Amino acid sequence: MLKKVVGKAAKPAAMSFADNAPSWEVLSNMVKAQEAELGVNFTAPDLENGPTHPLSLKRTFGSIEPIRVKLYRDHAGWCPYCQKVWLQLEEKRIPYTIEKINMRCYGDKPPSFLAKVPSGLLPVLEIDGRVVTESATIMALLEEQFPDHKPLMPAANSPQRPRADQLMRLERRFFSDWLNWLCSGWNGPSAQAQLERTLQAICKELEADGVSGAGPFFMGQDISLVDITFAPMLERAAASLAYYKGFVMRGAGKFPALEAWFDAMEARDTYLGTKSDHYTHCHDLPPQLGGCYSTPEGELFAAALDGQDGASWHLPLPPLNATSTPEAYSPGENPPVDRLAAAARLVVNHAAVGRFALRGAGQPGPRPVSAPLADPSGVAALQHEAAMDAALRHVAHALLVGVQEKQVMEHALQVQEAGEHDGAAVAASAAYLRDRVAPRVMRSGCGVLCIGAAQLVVGLCLLGLYEGYKAYYFNKYIAQLQVEQWNSTSIDARVGNYENPMDPRSPMGFTFYLAIINNIFSIAGLAGVLNAQRELVIAFFAYNAAQMVLSFHFFVDMVTDAVLSFHFFVDMVTDAGINYSGEPPMLTAYEKASAAFLFFNFVLSVAATVFAMRAVDEIRSKQREEYNRLTVLSDTLAFEADHP
């Protein structure tokens with residue numbers, strides 16, 4: 001809105017901030033100290049022999065046997081067929097290497113790969129120099145060639161094999177019914193009914209006796225190739241059907257056996273290392289499928305997942321568990337470990353993260369792709385690299401010490417009208433990064449607050465921009481009046497008693513004091529949420545309840561009061577009101593910005609009162625500090641050297 005109303009005027013000086021955050025070396029030492037204290041290693045995990053990890057390029061599982069297998073899978077972890085083969089290799093613990101290849105929807109495939117596989121389709125397996133395509137063929141071959149590595153399918157002549165084959169056909173039936181409803185707007189009720197019948201059939205099979213008794217897996221109490229085949233599709237269906245159709249597969253209690261299966265899968269490191277998240281799936285499926293068809297029933301869920309409902313992805317966050325929304329995650333969360341995991345990933349990858357984010361302040365790439373959030377040829381605004389680096393160090397420091405603690409240190413984030421770094425470029429870059437960081441839920445439950453933190457950075461930058469606009473307005477406007485030596489009569493006729501920027505009776509003076517009070521109570525509210533202090537949150541609620549009335553009253557006064565000779569609203573909104581000789585060119589634009597700010601402040605107060613009431617209830621009932629968890633940066637954007 002501010003950009004729109006000031007678009008015709010010259011660009012004012014923007015907010016800036018100080019580079020007083022600790023250095024990356026200091027932050028790295030802080031990470032190592034906390035890792036030692038908590039007994040974890042996020043800085044340099046064992047990618048070759050440790051738990052399943054998306055960044056691994058070689059897996060030996062501690063074995064010395066020759067590596068016969070090479071897997072070609074997609075970079076971003078979008079492809080369900082790649083996930084099946086990847087999960088099978090991890091469960092069987094077959095030594096293998098990995099080469100990551102772009103999917104066509106977000107980049108070009110390298111010529112060396114196309115020379116081996118002209119179709120370019122993924123996944124591809126090289127075994128003993130032989131190139132094999134098609135996931136079903138690859139999976140059958142791995143079972144045949146590596147019988148000593150945990151068989152995942154009953155033998156061909158065993159009594160259990162017919163049931164396993166029948167379950168594989170059920171998976172194809174589910175896949176068909178899922179996409180028939182997801183990708184079409186025709187005959188929706190019938191398509192939904194058919195899918196529900198298939199889901200009930202899946203639950204019945206999960207409850208039946210398998211090789212080792214009933215459930216929680218399809219063939220009994222241990223994972224099999226049937227589960228591995230179902231997993232990518234059930235995972236994506238749970239996300240997409242809620243987002244596009246409002247149909248909840250998991251967390252509502254409608255399919256208990258299926259929910260128990262999800263819980264059992266999420267208890268395995270192998271699955272957690274390969275699984276993605278609802279946000280990623282809901283946005284990566286349309287370019288792969290040619291589009292998904294939305295219905296009104298899915299709008300609320302979609303708004304919540306995308307952070308467009310005014311509440312989601314903001315503090316206080318709801319609990320993360322097997323029934324949480326918009327995404328269920330049975331392993332839950334561990335806030336201290338989660339924050340450290342996020343900080344460690346940021347510290348290790350800070351240079352690449354910063355360059356990637358600066359695409360937001362740069363130029364779109366000349367070669368667009370069909371995935372909306374992908375921009376492989378985007379041009380980063382590297383002239384702002386130092387500013388982005390400073391901002392990321394502030395974020396990493398806040399993760400390590402806590403937001404409230406940071407702001408009373410010498411390293412507190414300081415927003416200034418004239419400082420070292422351009423806040424506008426950082427705001428654009430933070431927004432770009434926010435929209436492209438998928439909240440992938442990893443082992444330690446780091447899956448939610450990174451987007452909330454990025455939005456907090458954007459909000460602080462916008463507030464700083466407003467302060468810069470206001471200072472420019474008063475300084476330049478009053479200086480213009482003095483230079484042109486308007487007579488006192490003209491000034492009185494023009495602005496009456498409102499020329500003093502500190503006069504609370506003037507519109508801009510009111511917004512000045514309102515901003516000061518707003519910052520004080522916002523900090524109180526944030527501190528109350530982060531530390532589960534109900535009294536601070538109640539104060540935040542009371543302030544916003546009062547501000548709703550005050551902001552709206554003053555806004556109405558400003559745009560309707562005919563006594564004001566200034567004719568504020570007419571001049572602000574239409575730009576066709578009373579135009580005075582010598583009026584500074586930026587005047588009208590900033591008057592519009594003032595009105596927009598007051599109205600937006602009113603809207604925020606409405607949301608804040610509701611939000612604060614929920615926070616108070618949450619603190620009272622749970623007394624938890626789980627609101628300060630932050631996510632590991634998604635491995636979908638792992639910032640590898642060859643594909644940032």
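### Remarks on unusual backbone geometry
(1) Moving on: In this structure, Pro 123 follows Leu 122 across a cis peptide bond, with omega equal to 0°.
(2) Moving on: Mapped onto the fold, Pro 123 is located in the loop between α4 (111-116) and β5 (124-127).
(3) Moving on: The phi torsion at Phe 61 lies on the positive side, around 60°, for a residue other than glycine.
(4) Moving on: Locating Phe 61 in the fold gives a position in the loop between β2 (58-59) and β3 (69-74).
(5) Moving on: One non-glycine residue, Asp 128, lies in positive phi territory at about 55°.
(6) Moving on: Along the chain, Asp 128 turns up in the loop between β5 and β6 (130-133).

### Points about the sheet that holds β3
(1) Moving on: Spatially, β2-β4-β3-β5-β6 is the arrangement adopted by the five strands of the open sheet, whose pairing is mixed. The open sheet is flanked by β2 and β6, the only strands paired with a single partner.
(2) Moving on: Bridge analysis of β3 against strand β4 (residues 96-101) gives six bridges, and the strand direction is parallel. What sits directly across from Lys 70, in β4, is Thr 97.
(3) Moving on: Contacts from helix α5 (residues 135-145) reach β3, β5 and β6, with the element oriented near 130° to β6.

### Remarks on the packing of helix α3 (residues 80-92) against α5
(1) Moving on: For the pair α3 and α5, the least separation of the axes is 9 Å and the interaxial angle reads 10°. The orientation of α3 relative to α5 falls into the category roughly parallel. Contact residues: Tyr 81, Lys 84, Val 85, Gln 88, Leu 89 and Lys 92 in α3; Ser 135, Ile 138, Met 139, Leu 142 and Glu 143 in α5.
(2) Moving on: Partitioning the contact of α3 with α5 into residue classes produces six nonpolar, two polar and three charged.

### Remarks on the nonpolar core
Proteins that are soluble and globular tend to have nonpolar side chains buried together.
(1) Moving on: One finds Phe 174, Trp 178, Leu 258 and Trp 261 to be the most contacted residues of the largest nonpolar core, which totals 71 residues.
(2) Moving on: Apart from the residues within four sequence positions on either side, Leu 258 is in contact with Leu 199, Ile 202, Cys 203, Leu 206, Leu 234 and Met 249.
(3) Moving on: Among the nonpolar cores identified, the runner-up in size contains 28 residues, and Leu 340, Ala 341, Val 347 and Ala 396 belong to it.

### Regarding the packing of aromatic side chains
(1) Moving on: Applying the stated criterion to the full structure yields eleven aromatic pairs.
(2) Moving on: On the numbers, 6.2 Å between centres and 55° between planes, the contact of Phe 247 with Phe 255 is tilted.
(3) Moving on: Residue Phe 255 is classed as buried on the basis of its relative accessible area, which comes to 0%.
(4) Moving on: Judged by centre distance (5.1 Å) and plane angle (70°), the rings of Trp 261 and Phe 262 are edge-to-face. Take Trp 261 and Phe 262: they sit in the same class, and that class is buried.
(5) Moving on: Taken together through their ring pairs, the aromatic side chains of Phe 218, Phe 230, Trp 261 and Phe 262 make up a single cluster.
(6) Moving on: Between the NZ or CZ atom of Arg 73 and the centre of the ring of Trp 86, over which it lies, the distance is 3.9 Å.

### With respect to the packing of helix α7 (residues 188-207) against helix α9 (residues 256-265)
How two helices pack is summed up by the angle between their axes together with the distance between the axes.
(1) Moving on: Closest axis-to-axis distance for the α7/α9 pair is 8 Å, and the angle between their directions is 65°. Relative to α9, α7 is oriented so that their crossing is left-handed. Contacts between α7 and α9 involve Leu 199, Ile 202, Cys 203, Leu 206 and Glu 207 on the former and, on the latter, Ala 257, Leu 258 and Trp 261.
(2) Moving on: For the contact of α7 with α9, the residue count by class is seven nonpolar, no polar and one charged.

Cut-offs applied
- Residues numbered from 1 in each chain as written.
- Predicted model: local features only at pLDDT ≥ 70, side-chain atom pairs only at ≥ 80, totals over all residues.
- Heavy atoms only, no water.
- Helix = DSSP H or I, 4+ residues; strand = E, 2+ residues; numbered from the N terminus.
- Pairing = 2+ DSSP bridges.
- Contact = heavy atoms within 4.5 Å.
- Axes fitted to C-alpha atoms, helices over the stretch in contact; angles between N-to-C directions.
- Parallel < 35°, antiparallel > 145°, perpendicular 65-115°, else oblique.
- Nonpolar A, V, L, I, M, F, W, Y, C, P; charged D, E, K, R; others polar.
- Core = buried A, V, L, I, M, F, W, Y, C linked by side-chain atoms within 4.5 Å.
- Buried < 20%, exposed > 50% of the residue type's maximum accessible area, 1.4 Å probe, protein only.
- Phe/Tyr/Trp six-rings, centres within 6.5 Å; stacked < 30°, edge-to-face > 60°.
- Lys NZ or Arg CZ within 6 Å of the ring centre and 35° of its normal.
- Left-handed = near helix turned anticlockwise from the far one by under 90°.

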